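In case you want the letters, here they are:
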Amino acid sequence: PTSLHIEELSASIVRSHRETTQYRPEELQALRWKVFSREEIHAYQSKSVDEMWQHCAVRLTDAVQYVVEFAKRIPGFRQLCQNDQIALLKSGSMEVVLVRMSRMFNTENNTVFFDGKFAGTELFKSLACSDLIAAVFDFAHNLCALRLTEQQMAVFTALVLINADRPCLEDRERVQKVRRDVELALSHIMHRDNQESLLHKLYQRVPVLKSLCALHIEKLRWFRQLYPLTVHSLFPPLYKELFGSD
Ligand SMILES: CCS(=O)(=O)c1ccc(CC(=O)Nc2ccc(-c3ccc(CC(C)C)c(C#N)c3)c(C(F)(F)F)c2)cc1
């Protein structure tokens, strides 16, 4: 691929990212100190397990929907066959949401943007998933500390999504070809920003992403055994499709 092709690829991935994130970095900056009051936190903590799970599943699905839109706008992703696009989204969309979560994390008070304000882990107490929430916050904190630019974040999330090692791919070689160009785009951007040292730190975070998503699926299985009807009739269809083991 020519360097022009790689430049164009980077630019289109960055544009897709910008078009599919609900909040610009400057908006998040302005919102940073909008934290939930004690009463609001108490209200979340008073929700029943199934109520809070349902509420979070809806929020998570909203964020995933933006990621689906992001993927569809990445050149090379659209050219993949339908089956492979779905396979990549099924295994990668949650990972991209978690990476994106790091752009709305406030390392000064360990809060993350949720439901319009910044929340600490204690807000999610009624989920009965404190290990998962703690791990999600840790991941967001570590990634946020790397201070990625929006461009670096955009191309990194494209790389997280376009992974030829995912299960159930029909044309693995084709996915690998698209991935190689995105890898070139990321190293090009890191080189241009004089931050190649960040590259291996980013690649080191990928296995943690996988374990977070596995933990999320494990908790969903546990929850579904306790509240099958809630999952069946009150969870967003997209959430069930992507994270349900059916
Ligand atoms: C994607 C568009 S964007 O502009 O980048 C954007 C735009 C807005 C947002 C806000 C947002 O959605 N935050 C949020 C959503 C869900 C959750 C969450 C809740 C519960 C669980 C546990 C599970 C048992 C359901 C998990 C997990 N695993 C994740 C969280 C936070 F992690 F903090 F708890 C924050 C995020 C991006």
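These numbers come from a predicted model, not from an experiment.

In the contact formed by helix 4 (residues 49-72) and helix 9 (residues 196-226), the axes pass within 12 Å of each other and the chain directions differ by 140°. Classified by the angle between their axes, helix 4 and helix 9 sit oblique to one another. Considering the relative orientation of helix 4 and helix 9, their crossing is left-handed. For the pair formed by helix 4 and helix 9, the contact residues are Val49, Asp50, Trp53 and Leu60 on the first element and His216, Lys219, Leu220, Trp222 and Phe223 on the second. For the contact of helix 4 with helix 9, the class distribution of residues is six nonpolar, one polar and two charged.

The next point concerns the site of the ligand. Near the ligand you find 23 residues, and of these Gln22, Met104, Val112, Phe113 and Phe124 are the closest. One of the backbone nitrogen or oxygen atoms of Gln22 is found 2.6 Å away from an oxygen atom of the ligand. Tyr23 has a polar backbone atom sitting 3.5 Å from an oxygen atom of the ligand. Of all the elements in the fold, those that place two or more residues in the shell around the ligand are helix 4, helix 5 (82-101), strand 2 (111-114) and helix 6 (130-145). If one sorts the elements of the shell around the ligand by residue count, helix 4 sits on top with six residues. Class assignment of the residues belonging to the shell around the ligand gives a composition of 18 nonpolar, two polar and three charged.

Bringing helix 7 (residues 150-161) into the picture now. Along an α-helix, a turn takes 3.6 residues, which lines up residues three or four apart on a common side. Relative to the 16 Å expected for twelve residues at 1.5 Å per residue, helix 7 spans 16 Å between its end C-alpha atoms, a close match to the ideal helical length. Burial runs high along helix 7: ten of the twelve residues are buried. Of all the residues in helix 7, the buried ones are Gln152, Met153, Ala154, Val155, Phe156, Thr157, Ala158, Leu159, Val160 and Leu161. Contacts from the buried residues of helix 7 go to helix 1 (3-19), helix 4, helix 5, helix 8 (172-192) and helix 9.

Right, let's talk about the nonpolar core for a bit. A general tendency of soluble globular proteins is for nonpolar side chains to be buried together. Membership of the largest hydrophobic core comes to 84 residues, with the highest contact counts inside it found for Ile13, Phe77, Leu123 and Phe124. Excluding residues that lie within four positions of it along the chain, Ile13 makes contacts with Phe70, Ile74, Ala154, Val155, Ala158 and Val182.

Moving on to the sheet that holds strand 1 (residues 105-106). Within a sheet, each strand pairs with its neighbour through backbone hydrogen bonds, oriented either parallel or antiparallel. The three strands lie next to each other as 1-2-3, forming an open sheet whose pairing is antiparallel. Looking at which strands have only one partner, the edges of the open sheet turn out to be strand 1 and strand 3 (117-119). Direction of pairing for strand 1 relative to strand 2: antiparallel, over a ladder of two bridges. Paired with Asn106 across the bridge in strand 2 is Thr111.

Let us look at the packing of aromatic side chains. Aromatic rings in a pair are described by how distant their centres are and how their planes are angled relative to each other. According to the stated counting rule, one finds 13 aromatic pairs in the structure shown. Relative to Trp222, the ring of Trp53 has its centre 6.4 Å away and its plane inclined at 55°; by these criteria the two rings are tilted. One end of the pair, Trp53, is in helix 4; the other, Trp222, is in helix 9, and 169 residues separate them in sequence. Overall, the relative accessible area of 33% leaves Trp222 in the partly exposed class. On the numbers, 4.4 Å between centres and 10° between planes, the contact of Trp53 with Phe223 is stacked.

A few words on the confidence of the model for the chain. Here the chain shows a mean pLDDT of 95. Residues at 70 or above account for 99%. Across the chain, helix 3 (residues 38-45) holds the top mean pLDDT of 98, while helix 2 (residues 25-31) sits lowest at 88. Scoring the predicted complex yields pTM 0.95 and, for the interface, ipTM 0.95.

Rules used in this analysis
- Residues numbered from 1 in each chain as written.
- Predicted model: local features only at pLDDT ≥ 70, side-chain atom pairs only at ≥ 80, totals over all residues.
- Heavy atoms only, no water.
- Axes fitted to C-alpha atoms, helices over the stretch in contact; angles between N-to-C directions.
- Helix = DSSP H or I, 4+ residues; strand = E, 2+ residues; numbered from the N terminus.
- Parallel < 35°, antiparallel > 145°, perpendicular 65-115°, else oblique.
- Left-handed = near helix turned anticlockwise from the far one by under 90°.
- Contact = heavy atoms within 4.5 Å.
- Nonpolar A, V, L, I, M, F, W, Y, C, P; charged D, E, K, R; others polar.
- Near = heavy atom within 4 Å.
- Polar contact = N/O pair within 3.5 Å; in protein donor to acceptor, adjacent residues only side chain to side chain.
- Expected span 1.5 Å × (residues − 1).
- Buried < 20%, exposed > 50% of the residue type's maximum accessible area, 1.4 Å probe, protein only.
- Core = buried A, V, L, I, M, F, W, Y, C linked by side-chain atoms within 4.5 Å.
- Pairing = 2+ DSSP bridges.
- Phe/Tyr/Trp six-rings, centres within 6.5 Å; stacked < 30°, edge-to-face > 60°.
- pLDDT = per-residue confidence, 0-100.

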